[in-house]
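Structure assessment
The residues making up each chain are set out below.
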Amino acid sequence: MSREFQVTFDCADPAALAAFWAEVLGYQVEAPPEGFETWPDALKAFGVPEDQWNSRSAIRPVEGGGPRVFFQRVPEGKTVKNRVHLDVRVASGETGDERMELFGAEATRLEQLGATRAYRVDPAPPMEHGFITMHDPEGNEFCLD
């Protein structure tokens, strides 16, 4: 039996990280509950103190098919390499130079959103097809694969 799941990020700024990852994945920030125009309207009505309004955020696929991604504020910063990371597929079916060119273009786009490049691994068939490892704005590793 398969189960539905979500991916959760601990972070310092849930709203900013949610906006970044929505751009990376082609997702959208989760809409406020029915009956509310904005999240601040909903949170105010629910009695949530304003200093807690950015304690969490979430993104969802624009059209089905994919996990919800949840962002929760935590007091501590990131200190070590992630044990789990996302591989963002941007060049499915491509190989060699064409694959790496697509990764380079996407890495440049993501840098403009606040990501940084960590390193590049070039293709070395038959085992390695190439990828670029990056960091999101809070330092979480992910790969363009």
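You'll find the structure just up there.
Described below are features of the structure shown in this document. (Residues numbered from 1 in each chain as written. Predicted model: local features only at pLDDT ≥ 70, side-chain atom pairs only at ≥ 80, totals over all residues. Heavy atoms only, no water.)

**Here we look at the overall build of the chain**
Counting its regular elements, the chain contains 3 helices and 8 strands. In sequence order, the secondary structure elements of the chain are arranged as β-α-β-α-β-β-β-α-β-β-β. Referenced to the eigenvectors of the C-alpha coordinate spread, the extents of the chain come out at roughly 55 × 35 × 35 Å. Residue pairs at least 24 apart in sequence account for 59% of intrachain contacts in the chain once pairs closer than 6 positions are excluded. With the model as given, the accessible surface of the chain reaches about 9300 Å², and the carbon-plus-sulfur share is 52%. For the chain, the separation between the mean place of its 14 positive charges and that of its 25 negative charges on side chains is 5 Å. (Helix = DSSP H or I, 4+ residues; strand = E, 2+ residues; numbered from the N terminus. Contact = heavy atoms within 4.5 Å. Areas by Shrake-Rupley, 256 points an atom, 1.4 Å probe, with all protein chains shown as cover. Lys, Arg positive; Asp, Glu negative; His and termini not counted. Charge placed at Lys NZ, Arg CZ, Asp CG, Glu CD.)

**Let's talk about the sheet that holds strand β6 (residues 116-121)**
Across the sheet, 4 strands lie side by side as β5-β8-β7-β6; this open sheet has mixed pairing. With partners counted over all chains shown, the strands left at the sheet margins are β5 (86-88) and β6, one partner each. Neighbour to neighbour, the strand axes of the sheet diverge by 25° on average, direction disregarded. The pairing of β5 with strand β8 (residues 141-144) spans 3 bridges and is classified as parallel. Each residue of the ladder has a partner; that of aspartate 87, found in β8, is cysteine 143. In the packing of helix α1 (residues 14-25) onto the sheet, the strands contacted are β5 and β8, and the crossing angle to β5 comes to about 45°. With respect to the sheet, helix α3 (residues 96-112) is in contact with β6, β7 (131-135) and β8, its orientation differing from that of β7 by roughly 10°. (Pairing = 2+ DSSP bridges. Axes fitted to C-alpha atoms, helices over the stretch in contact; angles between N-to-C directions.)

**A word on a negative patch on the surface**
A surface patch of like charges, here negative, comprises Glu94, Asp97, Glu98 and Glu101. Mapped onto the elements of the fold, glutamate 94 is located in the loop between β5 and α3. Given a relative accessible area of 36%, glutamate 94 falls into the partly exposed group. (Patch = residues over 30% accessible without salt bridge, like charges linked within 9 Å, V, L, I, M, F, W, Y side chains within 5 Å. Salt bridge = Lys/Arg side-chain N within 4 Å of Asp/Glu carboxyl O. Buried < 20%, exposed > 50% of the residue type's maximum accessible area, 1.4 Å probe, protein only.)

**As for the nonpolar core**
Counting residues in hydrophobic clusters, the biggest one holds 23 residues, and the most contacted among them are Trp21, Ile59, Phe71, Met134, Phe142 and Leu144. Of all elements in the fold, only β1 (6-11), α1, β4 (68-73), α3, β7 and β8 reach the threshold of two or more residues within this core. Of all the elements, α1 adds the most residues to this core, at 6 residues. Those residues in contact with phenylalanine 142, other than ones at most four positions away along the chain, are Phe20, Trp21, His85, Leu86, Val88, Leu110, Ala115, Ile132, Thr133, Met134, His135 and Asp136. (Core = buried A, V, L, I, M, F, W, Y, C linked by side-chain atoms within 4.5 Å.)

**Overview of the pairing of β7**
β7 sits mainly inside the fold: 4 of its 5 residues count as buried. Summarising the sheet, β6 and β7 pair through 5 bridges and their orientation is antiparallel. Counterpart to valine 121 in the pairing with β7 is phenylalanine 131. As paired elements, β7 and β8 share 4 bridges and run antiparallel to each other. Note on β8: the bridge partner recorded for histidine 135 is glutamate 141. Linking two consecutive strands that pair antiparallel, namely β7 and β8, is a turn of 5 residues; a positive phi of about 95° is found at glycine 139 within it.

**Comments concerning the packing of α1 against α3**
Closest axis-to-axis distance for the α1/α3 pair is 11 Å, and the angle between their directions is 160°. Between α1 and α3, the angle is such that the two are roughly antiparallel. When the axes of α1 and α3 are compared, the crossing they make is right-handed. Between α1, through Phe20, Glu23 and Val24, and α3, the contact on the second element is made entirely by Glu106, Arg109 and Leu110. Counted by class, the contact of α1 with α3 contains 3 nonpolar, no polar and 3 charged residues. (Parallel < 35°, antiparallel > 145°, perpendicular 65-115°, else oblique. Left-handed = near helix turned anticlockwise from the far one by under 90°. Nonpolar A, V, L, I, M, F, W, Y, C, P; charged D, E, K, R; others polar.)

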